Number of protein chains: 8
Amino acid sequence: MGSKSDLEVMKDAGEALSEFGIEYEMRVISAHRTPEIAHEYSSTAKARGLKVIIAAAGGAAHLAGVMAASTTLPVLGVPIASSPLGGFDALLSTAQMPPGVPVATMSVGSWGARNAGIFAAMILATNDMEIAGKLAEFKLKQAEKIVQHDKEIQGS
Amino acid sequence: MGSKSDLEVMKDAGEALSEFGIEYEMRVISAHRTPEIAHEYSSTAKARGLKVIIAAAGGAAHLAGVMAASTTLPVLGVPIASSPLGGFDALLSTAQMPPGVPVATMSVGSWGARNAGIFAAMILATNDMEIAGKLAEFKLKQAEKIVQHDKEIQGS
Amino acid sequence: MGSKSDLEVMKDAGEALSEFGIEYEMRVISAHRTPEIAHEYSSTAKARGLKVIIAAAGGAAHLAGVMAASTTLPVLGVPIASSPLGGFDALLSTAQMPPGVPVATMSVGSWGARNAGIFAAMILATNDMEIAGKLAEFKLKQAEKIVQHDKEIQGS
Amino acid sequence: MGSKSDLEVMKDAGEALSEFGIEYEMRVISAHRTPEIAHEYSSTAKARGLKVIIAAAGGAAHLAGVMAASTTLPVLGVPIASSPLGGFDALLSTAQMPPGVPVATMSVGSWGARNAGIFAAMILATNDMEIAGKLAEFKLKQAEKIVQHDKEIQGS
Amino acid sequence: MGSKSDLEVMKDAGEALSEFGIEYEMRVISAHRTPEIAHEYSSTAKARGLKVIIAAAGGAAHLAGVMAASTTLPVLGVPIASSPLGGFDALLSTAQMPPGVPVATMSVGSWGARNAGIFAAMILATNDMEIAGKLAEFKLKQAEKIVQHDKEIQGS
Amino acid sequence: MGSKSDLEVMKDAGEALSEFGIEYEMRVISAHRTPEIAHEYSSTAKARGLKVIIAAAGGAAHLAGVMAASTTLPVLGVPIASSPLGGFDALLSTAQMPPGVPVATMSVGSWGARNAGIFAAMILATNDMEIAGKLAEFKLKQAEKIVQHDKEIQGS
Amino acid sequence: MGSKSDLEVMKDAGEALSEFGIEYEMRVISAHRTPEIAHEYSSTAKARGLKVIIAAAGGAAHLAGVMAASTTLPVLGVPIASSPLGGFDALLSTAQMPPGVPVATMSVGSWGARNAGIFAAMILATNDMEIAGKLAEFKLKQAEKIVQHDKEIQGS
Amino acid sequence: MGSKSDLEVMKDAGEALSEFGIEYEMRVISAHRTPEIAHEYSSTAKARGLKVIIAAAGGAAHLAGVMAASTTLPVLGVPIASSPLGGFDALLSTAQMPPGVPVATMSVGSWGARNAGIFAAMILATNDMEIAGKLAEFKLKQAEKIVQHDKEIQGS
């Protein structure tokens, strides 16, 4: 994430990864304030054995794009609604990448943080039967929870 | 893709996949006009051996979300600018997925179509050395092309 | 509605229906988390004797579109302002349906929830003299309330 | 429709109604330039036997709201993209009706024009077996057309 | 104003008018809920001796346009930010009037309410030396206040 | 107007004024490129006998605001859609004036140009029976034209 | 700044300037309420020895543009989010200057206020070794702070 | 500039610089496709004797931000309208920089390209009497051109 203040939102990504038994590291690296660390982190990520990078930032959210520039790993972007423009700036800055350097953009804020964790699991599951199994189970439980809410609301 | 008219944009996704030697099928399936086929396609995709789904739609672009609802495969969404609202509708309809059902949103239009093909390659490359190698090569060539443009512009 | 948290807004739809003596069922069904239930609900709704479906969702609000995909009943959509983008996402995701699969979109939030109930009454009133009478009466009372407010404000 | 220039878009509504064998009248009535005719038209529509009103306008699109103000018939609104603001103005002016006076808003432009015709058929079908049958048939044919496009694209 | 809840904002218009010694009446009249009163009010306003009409509404803010439709008096529109869309809907609904039926749109909310009162004074001042004098005086005092603030801030 | 290129749009304002027999001068004065002329023009306008100022500009459209800053005459603003942002910039720059310095904002582009001319006539008509008469006549003719269009469309 | 209420935001600009040892004056001058002072201030600024002007305003934020109109000094604009439109109005009003009269626009609100102070230092540093040195040091410290946050978050 | 296709717009920046007798180099460097060259260029720019960097990009326009991350030179950003979202994406991606790393954002497209050249001259002029003189002269000529247009339009 680009700023320590994003932690409140991005812990949801970490929780999702933990639910699927996926190890992760959580870092504060700024595309604008520590560009060399950002470049170093991204360009060595694959060699270090990372499989997916999740990058979250607000405002002119360049972190995901900067990460994607220096790696061939899939980069997931989470736009954070931290400026007065309500997240429109971060969404457009993350999603509108030029051809050749994709960023997989999630929804704005905590929805997107959680979804980034789940989407990372989906990527890993393309070659990991255990995570694939957990995803199938997760999908069932998620549906059951809605069914449970449905019952509660009908009973009310 | 949700409509045959999206083909003009989405052929760029196919070309990208071909560049990386990735086989794919291209289908016209509408979340709204053929919902059962959409559900069938998505819910059986994993069993059929698909690894990634790319879904493109314009306006109230629900196709990627509908695909994501019925599979644990990674779903990439390409918003198409086919309504008078210039793609803002398709971008928001594709990106703003609720927690639990991620869609990896690409940029609007042909940039995003090409990026979806590349991002699919990145996902597969997490477990395929050959594609990983091609991606590394692609990144170099892409950089070289910019360097070439840089030279041309300086010479002009 | 797509999420239990929408109940706070959507109870206004229920109250409106009750004012017109219209029976209804209130359900939590998610286009993304329980897609099969959504499809089942919508595709059997007409046979079960339902006349109108009201669907409410926030963010990439696909529920109304998914409902409309599997029925020929009129589907009313209520965009919910539950993401940081303030309801613009839900409005565009609900309204911008492709030709062939209409969704009748109401205003964002509680205004729209109440209006969905009233609009359902208007549909039923095309063939129900009693509801038609209640609508005429409702319109008069609504006007009287404004007239009353007008008097209060002039007296202040 | 509020202006003769809207005819190019709104003829699609007429064609849809004709496909379902629904008689209609097509009028140019302006909420702003002929307010008394608008009021007269709307307030007598029910007595004249009309079942549904479709209103289309661009810019500060008030026609649907003005129609809805003077009738208890269902009013469908079609936002027209005729100003430099690309239809955002007409969409918001049509959709954001206050509680008590619903307008069922369709998508912007020709998509919405066609959908208004279809949605009117859906309303009438709640009490007309013949139209209901035609809608079911229409839905099938629409799906078949997508399936046909799907085949063509796979063969290409 | 279209709703009693707009009073909190629109009292600023009344205060501005009072500062210029201009008599006014304050009414709650809804374009959508009391359309006949709205039409009656507007079409008789000139004969009753009114010189200017100020109309304020939120959401699909049609009141100013409906007023302007039935009078040749100048109509000033004040967009109210009362929906989840933050006033964008009311601004576009008020400003984007078709050619032939102008509404003079003020800024959104309380800024616009106050400005409507001042602008009404400007209109009257085109033929009223006393109000013209008060406007000149107001402009001076307003500037002095800024100068005073300027001094305070430099002293801080 | 702020630029000679705005003439294409603003000639509609002149035509409207001519229809009402109102004399006017048309000037190119830029708030940003000739600020002193702008200030001079505005601050002496009243003494020169002008009654209303119409100011048109695109992009960061400051001309109307700058005019309003130096006069107590009513200033009408016409936002021009001359930048890639489609007129949203000019609309917001013209309309969102702070309390104390109103600008009466018209719709974007040629609709607004024509409306500015008509609105100026409305202001003058508050004290000019002849213009008032012409406005009443104009309103009738405008309605008749719609009625004529209505007949044509029904005959088609 | 255009209003005393902007001080809460703009003190961050002052603090940034102080960090770089740059003297400044802080003024409340309104483009709309004290236009002559604004013109006077701007047109004499260079002669008075000023090097850079920072102008902050909300809504139809004209102050930076008005300053830029009357000087050849670099003018930095800070859009303030003080209207219900959340800063979109101030951003577009500040940034979209016509060719020939640039304003260097910063981000909306306090981010932009601080950045304006830093950018002013960058301008001065083009010819001031001491400020240039402080900027280099500032950049290092800023990076160190992120590194520190990074360590804290990894330790948590 | 981030892409060779931006040359059509950015040549206006070069022309402006030439008008002021300022030497410049024009480069195609992509934040996303040649990140190392971008970093190298920016981090060595000051040592190479550059005074100002102008960066132009479209879509998720990160180039200016990436430049600003690695230098203490003033960086001017020109948003290019090259995606279907009409430049809103590039404007927000360029302007909304976090505190500590300012980018001076110009208007979207060719207006901004020209203004970037002029603003660079303004920065240099803070310490260069010759450029300062040319700027003063430029401002006069620009005003004269408007005055000339004003005469033409009055004569027409």
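Preceding this paragraph is the structure being described.
Not measured: the values here are computed from a predicted model.

Novice: Explanation requested: the packing of helix H4 (residues 88-95) of chain F against helix H4 (residues 88-95) of chain G in the structure shown.
Specialist: Working note: a packed helix pair is described by the angle between its axes plus the distance between those axes. Between H4(F) and H4(G), the least distance of the axes is 8 Å, while the angle of their chain directions is 105 degrees. Between H4(F) and H4(G), the interaxial angle falls into the category roughly perpendicular. Between H4(F), through F:Phe88, F:Asp89, F:Leu92 and F:Ser93, and H4(G), the contact on the second element is made entirely by G:Phe88, G:Asp89, G:Leu92 and G:Ser93.

Novice: Can you help me understand the arrangement of the chains in this one?
Specialist: The closest approach of any C-alpha atom in chain B to one in chain E is 15 Å; the two make no contact. Here chain C and chain F are not in contact; the least distance found between their C-alpha atoms is 16 Å.

Novice: Help me understand the relation of the copies chain C and chain D in this model?
Specialist: One chain copy maps onto the other through a rotation about an axis and a shift parallel to that axis. Once turned by 180 degrees and shifted 0.0 Å along the axis, chain C lies on chain D with an RMSD of 0.0 Å. As the rotation angle and translation indicate, the two copies are arranged about a two-fold axis. The overlap is high: 100% of the interface residues of chain C also sit at the interface in chain D, so the same surface is used on both sides.

Novice: Even after reading the chapter, I still don't get the relation of the copies chain B and chain C, so can you show me in this structure?
Specialist: When chain B is fitted onto chain C, the two copies agree to an RMSD of 0.0 Å after a turn of 180 degrees and an axial shift of 0.0 Å. A high fraction, 100%, of the interface residues of chain B reappear at the interface in chain C, so the copies pair face to face through one surface.

Novice: How should I be thinking about the side chain of D:Ser83 in this particular structure?
Specialist: Within the fold, D:Ser83 resides in the loop between strand S2 (75-80) and helix H4 (88-95). Reaching out from D:Ser83, the side chain makes a polar contact with the side chain of E:Gln96 at a distance of 3.4 Å. Not counting residues within four places of it along the chain, the set of residues in contact with D:Ser83 comprises D:Asp89, E:Gln96 and F:Trp111.

Novice: Where do I start with the interface of chain B and chain C in this structure?
Specialist: By a widely used convention, the size of an interface equals the accessible area lost when the partners come together. Chain B puts 25 residues into the contact, and the matching count from chain C is 25 residues. Here chain B meets chain C over a buried area of about 2,000 Å², counting both sides, of which 66% is carbon and sulfur. For the chain B face of the interface with chain C, the top three residues by lost area are B:His32, B:His62 and B:Gln96, together amounting to 28%. Counting every contact that joins chain B to chain C gives zero salt bridges. Counting every contact that joins chain B to chain C gives 13 residue pairs in polar contact (both at pLDDT 80 or more). Among the elements that take part in the side of chain B that touches chain C, helix H4 (residues 88-95) of chain B stands out by supplying four residues, more than any other.

Novice: Looking at this model, I keep getting lost on H4(D). Mind explaining?
Specialist: Along an α-helix, residues three or four positions apart point the same way, because every turn accommodates 3.6 residues. Of all eight residues making up H4(D), eight are buried, and the element is well covered by its neighbours. When we look at burial in H4(D), the residues that qualify are D:Phe88, D:Asp89, D:Ala90, D:Leu91, D:Leu92, D:Ser93, D:Thr94 and D:Ala95.

Novice: What is the right way to look at the interface of chain C and chain D in this model?
Specialist: Between chain C and chain D, the contact holds 43 residues from the first and 43 residues from the second. In total, chain C and chain D occlude about 3,500 Å² of area from one another, counting both sides; carbon and sulfur atoms represent 63% of this. Across the contact surface, chain C and chain D share zero salt bridges. Applying the counting rule to chain C against chain D returns 24 residue pairs in polar contact (both at pLDDT 80 or more). Counting only elements with at least two residues in the side of chain C that touches chain D, the list comes to helix H3 (63-69), strand S2 (75-80), helix H4 (88-95), strand S3 (104-105), helix H5 (110-125) and helix H6 (129-155) of chain C. At eight residues, the largest contribution of residues to the side of chain C that touches chain D is made by H5(C). Looking at side-chain class alone, the side of chain C that touches chain D contains 28 nonpolar, 11 polar and four charged residues.

Each value, and the rule that gives it
Residues numbered from 1 in each chain as written. Chains lettered and ligands numbered in written order. Predicted model: local features only at pLDDT ≥ 70, side-chain atom pairs only at ≥ 80, totals over all residues. Heavy atoms only, no water. Axes fitted to C-alpha atoms, helices over the stretch in contact; angles between N-to-C directions. Helix = DSSP H or I, 4+ residues; strand = E, 2+ residues; numbered from the N terminus. Parallel < 35°, antiparallel > 145°, perpendicular 65-115°, else oblique. Contact = heavy atoms within 4.5 Å. Least-squares fit on C-alpha atoms with pLDDT ≥ 70 in both. Polar contact = N/O pair within 3.5 Å; in protein donor to acceptor, adjacent residues only side chain to side chain. Buried area = accessible area lost by both parts, 1.4 Å probe. Salt bridge = Lys/Arg side-chain N within 4 Å of Asp/Glu carboxyl O. Buried < 20%, exposed > 50% of the residue type's maximum accessible area, 1.4 Å probe, protein only. Nonpolar A, V, L, I, M, F, W, Y, C, P; charged D, E, K, R; others polar.

All we've got here are geometric facts, nothing functional implied.
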